[in-house]
Amino acid sequence: MHRPPASVATVGVMGRSRFHGDIFGVGTSSGVRIVVGHWTDSPLGEFTDVMIQFAGGHRLLLAPSESVREFVAATYTFDETIITPVEFSGSNEHVSLSSDDLRMTITVGGPTVLGRALHLIPDEISTAPWFCSISDPIARVVLRGVRTRGSAGGGRLEYYGARHQHRLTAVRASWRGEDLGELTAVTPPVTFGFGSTPAAPSVTQITTTIDS
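Cut-offs and rules
- Residues numbered from 1 in each chain as written.
- Predicted model: local features only at pLDDT ≥ 70, side-chain atom pairs only at ≥ 80, totals over all residues.
- Heavy atoms only, no water.
- Salt bridge = Lys/Arg side-chain N within 4 Å of Asp/Glu carboxyl O.
- Helix = DSSP H or I, 4+ residues; strand = E, 2+ residues; numbered from the N terminus.
- Buried < 20%, exposed > 50% of the residue type's maximum accessible area, 1.4 Å probe, protein only.
- pLDDT = per-residue confidence, 0-100.
- Phe/Tyr/Trp six-rings, centres within 6.5 Å; stacked < 30°, edge-to-face > 60°.
- Pairing = 2+ DSSP bridges.
- Core = buried A, V, L, I, M, F, W, Y, C linked by side-chain atoms within 4.5 Å.
- Contact = heavy atoms within 4.5 Å.

Description of the pattern of salt bridges
Alright, step 1. On inspection of all chains with the given rule, the structure shows four salt bridges.
Alright, step 2. Residues Asp79 and Arg59 are paired through a salt bridge, measuring 3.3 Å at the closest nitrogen-oxygen approach. Residue Asp79 is found in the loop between helix H1 (66–75) and strand S5 (80–83), and its partner Arg59 is found in strand S4 (residues 59–63); the two are separated by 20 residues along the sequence.
Alright, step 3. One salt bridge connects Arg69 with Glu66, and the closest N-O pair in it is separated by 3.1 Å. Of this pair, Arg69 and Glu66 are both found in helix H1, three residues apart, which corresponds to roughly one turn of the helix.
Alright, step 4. Overall, the relative accessible area of 35% leaves Glu66 in the partly exposed class.

Listed below in structure tokens is the structure:
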């Protein structure tokens, strides 16, 4: 186990770093909320990380490598971090994830209303930092807890540019062999960074931009 650094470190690529992938936001009837980031193209290569907030508020990061742990822990806030293999696989309808302690199977449904709207916007616009900046006040009002622009720590700025979004319709998850219960809303909002995933369980195709 590793504790996150007391101060934000300078890690990753200086200047502008872009991470392309999917973010899954899941709530469970046990009170555990889980955010899975599956990144297919990034300065750190392809990887999957998992942020877990337990019912009591404890925030845990599961990272597949030291470089991922260092970067993510410098950008978000955790009470604990663990380096562990994180295996991700799936199709358009079903996604499976496993680590030493976490097992998950997620069922993906159809597009959300937001997803249909995003599909009409060219990616080069929806993922541009300027667009994320002007859409942030709207996101705050329309989607409780959601932000599209904020601090990444250490004087850096982070922008979330969503490209599409689908509903999640079911989840089977266990932590250290204990079942986490049925799929629920992601409430209360998670507190890893300046914003949460949407309350309604969803997967968002996203480009995250970090400016140093």
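Next comes the rest of the account.
Focus: the confidence of the model for the protein chain
Alright, step 1. Per-residue confidence for the protein chain averages 84 on the pLDDT scale, and 82% of its residues sit at or above 70.
Alright, step 2. When the elements of the protein chain are averaged for pLDDT, helix H4 (residues 129–142) gives the smallest value, 59, and strand S11 (residues 178–179) the largest, 98.

Section: H1
Alright, step 1. H1 sits mainly inside the fold: seven of its ten residues count as buried.
Alright, step 2. Turning to H1, its buried residues are Val68, Arg69, Phe71, Val72, Ala73, Ala74 and Thr75.

Here's the deal with unusual backbone geometry
The phi torsion of most residues other than glycine is negative, and most of the peptide bonds are trans.
Alright, step 1. Of note, the amide linkage connecting Thr187 to Pro188 takes the cis form, showing an omega dihedral of -5 degrees.
Alright, step 2. Its location among the elements puts Pro188 in the loop between strand S12 (183–184) and strand S13 (202–211).

Focus: the environment of Thr197
Alright, step 1. Along the chain, the position of Thr197 falls in the loop between S12 and S13.
Alright, step 2. Expressed as a C-alpha distance, the spacing of Thr197 and Thr187, which sit ten residues apart in the sequence, is 9.7 Å.

Considerations on the packing of aromatic side chains
Alright, step 1. Applying the stated criterion across every chain, the model contains six aromatic pairs.
Alright, step 2. Aromatic side chains Phe19 and Phe47 sit 6.5 Å apart centroid to centroid with 85 degrees between the ring planes, which places their arrangement in the edge-to-face category. Of the two residues, Phe19 sits in strand S1 (residues 16–28) while Phe47 sits in strand S3 (residues 47–53), which places them 28 residues apart along the sequence.
Alright, step 3. Residue classification places Phe19 among the buried residues on the basis of a relative accessible area of 5%.
Alright, step 4. Note on Phe47: relative accessible area 7%, which makes it buried.
Alright, step 5. Here Phe19 and Phe71 contribute two aromatic rings whose centre-to-centre distance is 5.2 Å and whose plane-to-plane angle is 40 degrees, an arrangement assigned as tilted. Taken together, the residues span a long stretch of sequence, with Phe19 in strand S1 and Phe71 in helix H1 at a distance of 52 residues. Each member of the pair, Phe19 together with Phe71, is buried.
Alright, step 6. Of the aromatic side chains, those joined through ring pairs into one cluster are Phe19, Trp39, Phe47 and Phe71.

Comments concerning the pairing of strand S8 (residues 102–111)
Alright, step 1. Sheet topology places strand S7 (residues 94–98) next to S8; five bridges connect them, and they run antiparallel. Counterpart to Ser98 in the pairing with S8 is Arg103.
Alright, step 2. Where S7 folds back onto S8 in an antiparallel hairpin, the turn is made up of three residues.
Alright, step 3. Here S8 runs beside strand S10 (residues 156–175); their pairing, made up of eight bridges, is antiparallel. Of the residues in S10, the one forming a bridge with Thr107 is Ala170.

Re the nonpolar core
Alright, step 1. Core analysis: the largest hydrophobic core is formed by 24 residues, its most contacted members being Ile34, Val50, Ile52, Leu102 and Met104.
Alright, step 2. Going through the elements one at a time, S1, strand S2 (33–41), S3, S4, S7, S8 and S10 are the ones with two or more residues in this core.
Alright, step 3. Those residues within four positions of Val50 in sequence are excluded, and the remaining contacts are Ile34, Val35, Val36, Leu60, Leu61, Leu62, Val86, Leu97 and Leu102.
Alright, step 4. Within the second largest apolar cluster, 19 residues are counted, among which are Val35, Trp39, Leu61 and Phe71.

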